[in-house]
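# Structural description and commentary
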Amino acid sequence: MQSPRFDVILTADRSMMSNYHRKEFLGFGTTGPIFVELPFGFSERFHSYLFAPKLKTDKWGRPVEAPYGMRKIEAKLLDAGINAAVIDPEHVHKYLPHAKVLMLSHHDYFGLNPPSSTWGVIVGKEPMNAVFFKGFMERLSPHIWKAKAGNGLRVIVGGPAAWQWLYFPELVDKWGIDTIFDGEGERLVVDLVRRAVEGKPLPKYIYVGVGEAPSLEEISTIKWKPLPKYIYVGVGEAPSLEEISTIKYPSINGLVEIGRGCPRGCAFCSVTLRAMRWYPLEKIEEELKVNARAGVVDGILHSDEVPLYGSTTVEPNPEKLVALHKLAKRYYRKVGWSHTTFVAVYHGEKKMGKLFTKLSEIILDEHQDWWGAQIGLETGSVRLARKIMPGKAAPYKIDQWHEIVEEAAAIMHEIRLIPAITLIVGLPDEQPDDVVETIELVERLRPYRSLIVPLFYVPMSHVRTDKAGWLDKLNLYPEHIDLLEVVARHSIYWAKDIVNKFYFKGPQYFLVRFLVNYFINYVEKRLGKIKEDVEHYKEALRQTRNNARKEVLTFAS
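All of these numbers come straight from a predicted model, not from anything done at the bench.

## Observations concerning the overall build of the chain
Helix and strand content of the chain: 18 helices and 16 strands. By the burial criterion, 57% of the 557 residues in the chain qualify as buried. Contacts spanning at least 24 positions in sequence make up 80% of the contacts within the chain whose residues lie at least 6 apart. When the accessible area of the chain is evaluated, it comes to approximately 24,400 Å², of which 56% is carbon and sulfur surface.

## Observations concerning the nonpolar core
A general trend in soluble globular proteins is that nonpolar side chains are found buried together. Ile284, Trp337, Phe342 and Leu377 are the most contacted members of the largest nonpolar core, which totals 73 residues. No other element matches helix 13 (residues 401–415), which puts 8 residues into this core. In terms of nonpolar packing, the next biggest core, distinct from the first, is built from 33 residues, Phe6, Ile9, Leu140 and Trp175 among them.

## Looking at the packing of aromatic side chains
Given two aromatic rings, their pairing is described by the distance between the two centres and the angle made by the two planes. Enumeration according to the criterion identifies 23 aromatic pairs in this entry. Centroid distance Trp165 to Trp175: 6.1 Å. Interplanar angle 80°. Geometry classified as edge-to-face. You can see Trp165 sitting in the loop between strand 4 (154–158) and helix 5 (169–174) and its partner Trp175 sitting in the loop between helix 5 and strand 5 (179–182), a full 10 residues away along the chain. With respect to class, Trp165 is no different from Trp175; both count as buried. Ring geometry for Tyr503 and Phe504: centres 5.0 Å apart, planes at 75°, overall edge-to-face.

## Looking at the sheet that holds strand 12 (residues 334–337)
Read across the open sheet, the 3 strands follow the order 8-11-12; overall the sheet is parallel. Looking along the sheet, the strands with just one partner apiece sit at the ends: strand 8 (256–257) and strand 12. Where strand 8 lies against strand 11 (residues 298–302), 2 bridges are found, and the strand directions are parallel. Considered in strand 11, the bridge of Glu257 is made with His302.

## What to know about unusual backbone geometry
A negative phi holds for most residues other than glycine; trans holds for most peptide bonds. Across the junction of Pro114 and Pro115, the peptide omega takes the value 5°, indicating a cis bond. In this structure, Pro115 sits in the loop between strand 3 (101–105) and helix 3 (116–123). Note the cis peptide between Ala394 and Pro395, where omega equals 15°. As for its placement among the helices and strands, Pro395 is situated in the loop between helix 12 (382–388) and helix 13. In this model, His21 sits at a positive phi of 60°, which is unusual for a non-glycine residue. Within the fold, His21 resides in the loop between strand 1 (8–11) and helix 1 (42–51). Residue classification places His21 among the buried residues on the basis of a relative accessible area of 14%. Phi is positive for Arg22, which is not a glycine, with a value near 60°.

## Notes on the layout of surface pockets
A volume near 470 Å³ is recorded for the second largest pocket. Around the second largest pocket, the lining is made up of 19 residues, and of these Arg14, Lys54, Glu90, Phe132 and Arg139 lie nearest the centre. For the lining of the second largest pocket, the secondary-structure elements that each account for two or more residues are helix 1 and helix 4 (128–151). With 7 residues, helix 4 is the single largest residue contributor to the lining of the second largest pocket. Residues belonging to the lining of the second largest pocket are distributed by class as follows: 8 nonpolar, 4 polar and 7 charged.

## Considerations on the environment of Lys148
Summarising the element assignment, Lys148 is placed in helix 4. Along the sequence, Lys148 and Leu96 sit 52 residues apart, while their C-alpha atoms lie 9.0 Å from each other. Once residues lying within four places of it in the same chain are set aside, the contact partners of Lys148 are Leu153, Arg154, Val155, Gly176 and Asp178. Within the local environment of Lys148, its side chain forms a polar contact with the backbone oxygen of Gly176, the two atoms lying 3.0 Å apart.

Analysis parameters
- Residues numbered from 1 in each chain as written.
- Predicted model: local features only at pLDDT ≥ 70, side-chain atom pairs only at ≥ 80, totals over all residues.
- Heavy atoms only, no water.
- Helix = DSSP H or I, 4+ residues; strand = E, 2+ residues; numbered from the N terminus.
- Buried < 20%, exposed > 50% of the residue type's maximum accessible area, 1.4 Å probe, protein only.
- Contact = heavy atoms within 4.5 Å.
- Areas by Shrake-Rupley, 256 points an atom, 1.4 Å probe, with all protein chains shown as cover.
- Core = buried A, V, L, I, M, F, W, Y, C linked by side-chain atoms within 4.5 Å.
- Phe/Tyr/Trp six-rings, centres within 6.5 Å; stacked < 30°, edge-to-face > 60°.
- Pairing = 2+ DSSP bridges.
- 1 Å grid on protein atoms, 1.4 Å probe; cavity = no way out; pocket = protein on both sides within 12 Å on 5 of 7 lines; lining within 4 Å.
- Points joined across faces, edges and corners; volume = space filled by probe spheres on them.
- Nonpolar A, V, L, I, M, F, W, Y, C, P; charged D, E, K, R; others polar.
- Polar contact = N/O pair within 3.5 Å; in protein donor to acceptor, adjacent residues only side chain to side chain.

Structure follows, in structure tokens:
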């Protein structure tokens, strides 16, 4: 039987096109390097199976589940009458001879985002996601160029990491990238794809963000002629709820978006620049049904701060939050969150009638005995927090940051909400005293079940340098090394508890549980072996710091 033909193919490499054994957090393993050393070339296979197993596909190579953002763009194109489909990376080459457009998406094409860049700094190796993506493109490249010559194929790259292509212009040329699309796509993607299908000229770069920019109406009025090479669309042109299509096919691990934007205003985060929008329950229910009908009945509610669902302030809306979770549990056996904040947990439990205990009573049942979320600690330094993220503590003052964090951690431990906590290492203007303050806060979190993930602040000026040389260019102190040790001890201790008692319970996870435990023990042993090297490095940092002080004193005198 002849396979169907699609004008538009959407895809990604295996590090994105996987359900990670239905354990979303396990996918973070793809941000690390391939460093478990096994004989006979099994190292990559081990990491691939453990962190990014293949998805099931239909007979045409369409994955049963696909990344949520890709499903959103697919839905928008289908609603516009464009013949589009998400295709598994192992089947893409079969469709290119007849396709007009190939669309690629990724969270981290070249391993530049944290935590990938953190691993690159520490280990001096490219992370799996970058290795997998480059390998995928090298294999696909001959088919792309053949399709460009034969049927005028156009290649459009987008997704959260679209900006990374700007640092690799040689790969833009090598792999035949026609357009880089950076930002929310709903308002412009249909017009862009239609132009590509019709063989019309395309802009090289489109950015949907903030700042003064021509409106969509102005761009439409000139009918893209004369065609600008770069198009910038202001935040006011972000899509409305009505313009955001409902997914037509299941998303990986049942992820469903409940809103976009964040009101916290942290200086290091681009998400806060997006307009705040919450989906009505009816719209959320449509996507829950899409997943449930396909048998995807464990899922994740996604927004940049789930507990603020339906709120117009920085305080939770209890009525809407309870209604959201009752709706989700109607379709899903298990429900998790993408993100929350310490202050939402603290405020909701302390000042809103034990709101989070009430939510736990809805979520936890005979099918589910815990749930997870990502949460940003970023720094324990109140001085730095006051400068870069005062909104993290709102409606309280940031001076209460330690109290908020510690009490929220205790609450989460009690209600079995397991957080993956991010911490930024090497922030601009970070001083040794700031790092010590962060160490003290992390040590106070030891009694509470959690994983802490350190993320190096890596300026983009270092992106093109040798990965192994990044560490020497960062503003690190010996105290930073102490911080990393404290974080590693905390995470290894709790990882064993989480893996064996929560994350991989049951006989069906025996093999994965065994391999994850092997991985954790391997990391723990490696850390033990390099302790002497760590002490040497700390001494080198102290010497560098002392020399810098001498230079300043000499200059002052």
